[in-house]
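Single-letter residue listing:
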Amino acid sequence: MSIEKKAMQRIEKEFKDMTSKDSLYSIVIFVDTYLGRDSNNLFKWNAMIQGPEGTPYAGGMFSIDIKFPKNYPFTAPKFTFKTQIYHPNINSEGSICLDILKDKWSPPLTVEKVLLSITSLLADPNPDDPLVGEIGELFKSNKFLFNQRAREWTERHA
């Protein structure tokens, strides 16, 4: 069996797991138009996560694109925020600084576990390893102003 076929089986299983129960997340498979016909692309998903209560992101709905590599789960999927967010570990292009998406990735991890980690990152930013240095500095030096700006961005964009 090819690596890509194994990846598709794993992705299909995760999709069924996340859509057959009361998941905290909403998952959609992208539909691509290819040669005049629509085909479901299991390698591209979109997830919606809610901003955690008790944070400046509460009440917001955040869209995240997920692109699976052909050798998933041996390589991490790419998670990209499509909704603009004011956060020290997420930049303006939507890239996310999270160890399990880089050097701490391992095949037993699932999309649902990564989304849970992203939700935790929203509740507990890591200003000591920021992707956006100035936001990380503001978080450390003036948390009140950080929370105010993050709330404003959430109200405006999410």
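Residues numbered from 1 in each chain as written. Predicted model: local features only at pLDDT ≥ 70, side-chain atom pairs only at ≥ 80, totals over all residues. Heavy atoms only, no water.

Formally: UniProt positions are given in the numbering used here, feature names are shortened, and annotations may be inferred rather than shown by experiment.
Taking an unreviewed UniProt entry as the reference, the protein chain is identified by name as E2 ubiquitin-conjugating enzyme belonging to Brassica campestris. The annotation that UniProt attaches to the protein chain under Sequence similarities (unreviewed entry) is "Belongs to the ubiquitin-conjugating enzyme family."

**Regarding the pattern of salt bridges**
The cut-off we apply is this: Definition used for salt bridges: Asp or Glu carboxyl oxygen within 4 Å of a side-chain nitrogen of Lys or Arg. Here a strand is any run of E in DSSP of at least two residues, a helix any run of H or I of at least four, and the numbering for each starts at the N terminus. Accessibility here uses a 1.4 Å probe with only protein chains present; expressed as a share of the type maximum, an area under 20% marks a residue as buried, one over 50% as exposed, and anything in between as partly exposed.
Enumeration over the complete set of coordinates arrives at 6 salt bridges. One salt bridge connects E4 with K70, and the closest N-O pair in it is separated by 3.9 Å. With E4 in helix α1 (residues 3-19) and K70 in the loop between β3 (61-67) and β4 (78-81), this pair connects stretches of sequence that are 66 residues apart. The class of K70 is partly exposed, set by a relative accessible area of 46%. Between K13 and D17 there is a salt bridge, with the nearest N and O atoms lying 2.8 Å from each other. On the criterion of helical spacing, the pair formed by K13 and D17 is a turn pair, its members being 4 residues apart in helix α1. Using a relative accessible area of 48% as the deciding quantity, one classes K13 as partly exposed. Taking the relative accessible area as the measure of exposure, D17 reaches 35% and is therefore partly exposed.

**Considerations on the nonpolar core**
Put simply, the rule reads: Definition used in this section: a nonpolar core is a set of buried Ala, Val, Leu, Ile, Met, Phe, Trp, Tyr and Cys residues joined via side-chain atoms within 4.5 Å. Any pair of residues with heavy atoms lying within 4.5 Å of one another is described as a contacting pair.
Counting 40 residues, the largest nonpolar core has I49, F79, F81, I96, V111, L115 and I118 as the members making the most contacts within it. When contributions to this core are tallied by element, the ones reaching two or more residues are α1, β2 (37-50), β3, β4, α2 (111-123), α3 (133-141) and α4 (143-157). Sort the elements by how many residues they give to this core and α2 lands first, with 6 residues. Other than its neighbours up to four places away in sequence, L115 contacts M18, Y25, I27, A47, I49, I64 and F79.

**Topic: α3**
How we decide: The arc under discussion is defined with respect to the helix axis, by the directions toward the C-beta atoms.
Buried within α3 are the following residues: I135, G136, L138 and F139. Along the long axis of α3, the arc covered by the buried residues comes to 160°, so they all point the same way. Away from its buried face by more than 90 degrees, α3 exposes E134 and S141. Buried positions along α3 lie against α4.

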